[in-house]
Amino acid sequence: ILKSEVGFTQPFNGKDIEQEITQILGAKKDTKANAEATRAWMERQPDYAKGTKSRVFSNTYIAYDPNSPTFQRLASYFWDVY
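Computed from a predicted model, the values in this text were never measured in an experiment.

(A) Structural detail: the pattern of salt bridges. Under the definition given, this model contains 3 salt bridges. In this structure, the salt-bridge partner of E20 is K15, at a minimum N-O distance of 3.1 Å. Relative accessible area serves as the criterion here: at 22%, E20 is assigned to the partly exposed category. In this structure K15 comes out as partly exposed when scored by relative accessible area, which is 22%. A salt bridge links R39 to E18, with the shortest nitrogen-to-oxygen separation between them at 2.8 Å. Of this pair, R39 sits in helix α2 (residues 32-44) while E18 sits in helix α1 (residues 17-26); the two residues are 21 residues apart in sequence, bridging distant segments of the chain.

(B) Representation of α1 in the model. Residue D16 occupies the N-cap position of α1, its side-chain oxygen lying 3.0 Å from the main-chain nitrogen of E18. Within two residues after α1, K28 carries a phi angle of roughly 55°, on the positive side.

(C) Region of the structure containing the packing of α1 against α2. Axis separation between α1 and α2 bottoms out at 10 Å; the angle between their running directions is 170°. On the basis of their axis angle, the class for α1 and α2 is roughly antiparallel. Every residue of α2 that contacts α1 at I17, E18, I21 and L25 is listed here: K32, A35, T38, R39, M42 and E43. Among the residues making up the contact of α1 with α2, the classes are represented as 5 nonpolar, 1 polar and 4 charged.

What counts as what
Residues numbered from 1 in each chain as written. Predicted model: local features only at pLDDT ≥ 70, side-chain atom pairs only at ≥ 80, totals over all residues. Heavy atoms only, no water. Salt bridge = Lys/Arg side-chain N within 4 Å of Asp/Glu carboxyl O. Buried < 20%, exposed > 50% of the residue type's maximum accessible area, 1.4 Å probe, protein only. Helix = DSSP H or I, 4+ residues; strand = E, 2+ residues; numbered from the N terminus. Polar contact = N/O pair within 3.5 Å; in protein donor to acceptor, adjacent residues only side chain to side chain. Axes fitted to C-alpha atoms, helices over the stretch in contact; angles between N-to-C directions. Parallel < 35°, antiparallel > 145°, perpendicular 65-115°, else oblique. Contact = heavy atoms within 4.5 Å. Nonpolar A, V, L, I, M, F, W, Y, C, P; charged D, E, K, R; others polar.

As structure tokens, then:
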């Protein structure tokens, strides 16, 4: 991480957002109303794109270099959105 240009890593879980929502509903981990609200919220985001461009990342681990300018921009963007 310290030698990377980005200074950030998080594993891709192999799914897009639609697949993740479908899996959540199939496992009965949330209601259909909440899943539809999540889907609608995602679709309203200016950087959302259905399919492979809407990847879901696993939160098994997140590693970052807090001094990386790229990570600092990513973190600022995240907190601006959420």
